[in-house]
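# Coordinate analysis (summary)
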Amino acid sequence: MITDRERIYNELLVLRCRRREDGAMEELVHRWEKRLFYYIRRLVSDEEDACDVLQETWLKAIRGIATLRDPGILPMWLYRIARNTAMSRLRGRYADKAVIEDEPGEIPDNGDSFTFEDAEQVHYGLSRISLPHREVLTLYFLEDLSVDEIAEVLGVASGTVKSRLHFAKKALRAVLEQEAVR
Amino acid sequence: MTDERFSDRLVESEQMSPGCRERYEREVKAMLETRLTPIQRFTFGFTALVGIGFLVVFGYLAIMASELPALARGGFALGSIFGLVWGIVAGRVAWKGVMHRRNIPNALTGMVWGLIVFVTVGTLLVTGKHPDSVRSVYMVLSVLVYFVMGVAFVITNRIDQTFIRTEEKFLQLELKLAEIAERIGESKQ
């Protein structure tokens, strides 16, 4: 998860942006663009489209940062803008697919023991699983948000996120194991 | 994100292509600042000169026109300050050739305040010489409404800025403590 120092620094950055300090907005963009692009890219298959979504995300963030009263929610706020922008751009293509039947709520205890350490393998694996699983797992692996915050971004209950995460990890593990056998 | 975490390595797996990056950077830069056309730059330059003109003329009247009532001279003094603000803001924009989106609201606050003060003082001066006293009272009352609204706007803005700065100070302290705690944690390991 994000460290205390990073969390406080992010909050300070929001206040500096709200105060319209020189360079603060540029720093915000620089600090978050790669992570947002990674997330958007997992939602949008075309790179050009992803670039447009990222630009639009920044446009909304620049316009809205003055109204962000709680600086603590910056990561969640940015991911939510990115998601909504991607959704509205790809409405039809994305939104239809994103509606999945949520897996049953029961989560077995032994399922999460597998650890994902190889970033490149995970990156590859993410491209092989379903979009809703990919999305929840991407937010989880980006380590910026808690489960509750991921739920806020996705607009679902925390329990649903936990359940979705469990099945997404299972799906990813299956993909990676299959790849290891080849 | 400074420390190398799993997420940092994961993010590095996805790189923007050079063409896409170039376009993206250009667009984001354009979002943060609006580059002025030569005509716009000239207009800002001209506005700055007009502002400086106000500063000189009104400043001169405020200081030298001793036959005018104190209220009128005060109005001219405020008018000259207003001209100075216009001159500085417009001159800065014209000199740099770019207008930063983030700077506009701050400048706007100053401009709105200046305009309100200027109009209020101007109206008070005119009403002082108006023969119809009833109309004068109406004029004063209506301009005072705008003046009070302007004061409320400026005060709200100042409170907001002060609140942000106070919050910032607390967070800076918190950040220092978090850094110290991190260093202690590292030295223990």
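Residues numbered from 1 in each chain as written. Chains lettered and ligands numbered in written order. Predicted model: local features only at pLDDT ≥ 70, side-chain atom pairs only at ≥ 80, totals over all residues.

### Describing the overall build of chain A
Note the following rule: Per the convention used, a helix needs a DSSP run of H or I reaching at least four residues, while a strand needs a run of E reaching at least two, with both numbered from the N terminus. Any residue surrounded by 20 or more other C-beta atoms within 10 Å of its C-beta is treated as buried, while 12 or fewer makes it exposed and the intermediate range makes it partly exposed; C-beta atoms here are placed from the backbone. Once C-beta atoms are placed from the backbone, any two residues with those atoms within 7 Å are in contact.
Within chain A one finds nine helices and zero strands. Its helices and strands taken in sequence order, chain A reads α-α-α-α-α-α-α-α-α from the N to the C terminus. Of all 182 residues assigned to chain A, the portion counted as buried reaches 38%. Looking at chain A alone, contacts between residues at least 24 apart form 69% of all its contacts between residues at least 6 apart.

### A closer look at the confidence of the model for chain B
Residues and elements named next belong to chain B. Short version of the rule: The pLDDT score gives, residue by residue, the confidence of the prediction method on a 0 to 100 scale.
Averaged over every residue, the pLDDT of chain B is 82; the share at 70 or more is 92%. Mean pLDDT per element in chain B: helix 5 (residues 104–129) is the minimum at 71, and helix 1 (residues 6–12) is the maximum at 90. Here the complex is predicted with pTM 0.72, and the ipTM for its interfaces comes to 0.83.

### Brief notes about the packing of helix 2 (residues 24–43) of chain A against helix 4 (residues 74–89) of chain A
Residue and element names in this part refer to chain A. Cut-off, in case you're wondering: Interaxial angle, 0 to 180 degrees, is taken between N-to-C directions of lines fitted to C-alpha atoms, where a helix line uses only the stretch in contact. Each crossing is labelled by how the near helix is turned from the far one, with a counterclockwise turn of less than a right angle marking it left-handed and a clockwise turn marking it right-handed. Residues are grouped as follows: nonpolar covers Ala, Val, Leu, Ile, Met, Phe, Trp, Tyr, Cys and Pro; charged covers Asp, Glu, Lys and Arg; every other residue, Gly included, is treated as polar.
It is at 10 Å that the axes of helix 2 and helix 4 come closest, and there the two elements cross at 35°. As for the relative orientation of helix 2 and helix 4, their crossing is right-handed in sense. In contact with Trp32, Leu36, Tyr39, Ile40 and Leu43 of helix 2, helix 4 contributes Leu78, Tyr79, Ala82 and Ala86. For the contact of helix 2 with helix 4, the class distribution of residues is nine nonpolar, no polar and no charged.

### Describing helix 3 (residues 38–64) of chain B
Since the α-helix packs 3.6 residues into each turn, any two residues three or four apart lie on the same face. Residues and elements named next belong to chain B. For the record, the criterion: The span you would expect from a helix comes to 1.5 Å times its residue count less one.
The end-to-end C-alpha distance of helix 3, which contains 27 residues, comes to 38 Å, matching closely the 39 Å that a straight helix rising 1.5 Å per residue would cover. Those residues of helix 3 not exposed but buried are Phe44, Ala48, Gly51, Phe54, Leu55 and Phe58. Tucked inside the fold, the buried residues of helix 3 contact helix 4 (70–96).

### Observations regarding the interface of chain B and chain A
Chain B puts 34 residues into the contact, and the matching count from chain A is 34 residues. For the side of chain B that touches chain A, the elements supplying multiple residues, two or more each, are helix 1, helix 2 (18–32), helix 5 and helix 6 (133–188) of chain B. Taken together, the residues of the side of chain B that touches chain A sort by class into 15 nonpolar, seven polar and 12 charged.

### Quick notes on the packing of helix 3 of chain B against helix 4 of chain B
Residues and elements named next belong to chain B. Quick note on the threshold: Note that the term roughly parallel is reserved for angles under 35 degrees, roughly antiparallel for angles over 145, roughly perpendicular for angles of 65 to 115, and oblique for everything else.
It is at 7 Å that the axes of helix 3 and helix 4 come closest, and there the two elements cross at 155°. By the angle class used here, helix 3 and helix 4 are roughly antiparallel. Crossing hand, helix 3 versus helix 4: left-handed.

### Focus on unusual backbone geometry
Here the phi dihedral of A:Glu143 falls at roughly 65°; this positive angle occurs in a residue that is not glycine. Within the secondary structure layout, A:Glu143 lies in the loop between helix 7 (131–141) and helix 8 (147–154).

### Some thoughts on helix 7 of chain A
Residues and elements named next belong to chain A. Taken across its 11 residues, helix 7 has nine buried, putting it largely inside the fold. What helix 7 keeps buried is the set Pro132, His133, Glu135, Val136, Leu137, Thr138, Leu139, Tyr140 and Phe141. Among the residues trailing helix 7, Glu143 stands out with phi positive, at a value near 65°.

### Considering the nonpolar core
To keep things clear, this is the line we draw: We call a set of buried Ala, Val, Leu, Ile, Met, Phe, Trp, Tyr and Cys residues a nonpolar core when their C-beta atoms link them within 7 Å.
Core analysis: the largest hydrophobic core is formed by 50 residues, its most contacted members being A:Tyr39, A:Ile40, A:Leu78, A:Ala82 and A:Leu139. If sequence neighbours within four positions are ignored, A:Leu139 has contacts with A:Tyr39, A:Tyr79, A:Leu145, A:Ile150 and A:Val153. B:Phe44, B:Trp86, B:Ala90 and B:Val93 belong to the second-largest nonpolar core, a separate cluster that totals 12 residues.

### What to know about the domain arrangement of chain A
All names here are of chain A. The condition is simple: Where each domain begins and ends follows an automated or database-derived domain assignment.
On domain assignment, one finds that chain A holds domain 1 (4–95) and domain 2 (102–181). Between domain 1 and domain 2, the contact holds 10 residues from the first and 11 residues from the second. At the level of secondary structure, the elements contributing two or more residues to the side of domain 1 that touches domain 2 comprise helix 2 and helix 4. For the side of domain 1 that touches domain 2, the residue count by class is six nonpolar, no polar and four charged.

### Observations concerning the environment of A:Val156
Residues and elements named next belong to chain A. Mapped onto the fold, Val156 is located in the loop between helix 8 and helix 9 (158–181). Judged by the 16 C-beta atoms lying within 10 Å of it, Val156 is partly exposed. Each C-alpha atom of the pair Val156 and Tyr124 lies 26 Å from the other, and the pair is 32 residues apart in sequence. Apart from the residues within four sequence positions on either side, Val156 is in contact with Ala151 and Val161.

### Some words on the environment of A:Leu68
All names here are of chain A. Within the fold, Leu68 resides in the loop between helix 3 (47–64) and helix 4. Of the residues examined, Leu68 has 17 C-beta atoms within 10 Å and is grouped as partly exposed. If we skip the residues at most four places from it in the chain, Leu68 touches Val14 and Trp77.

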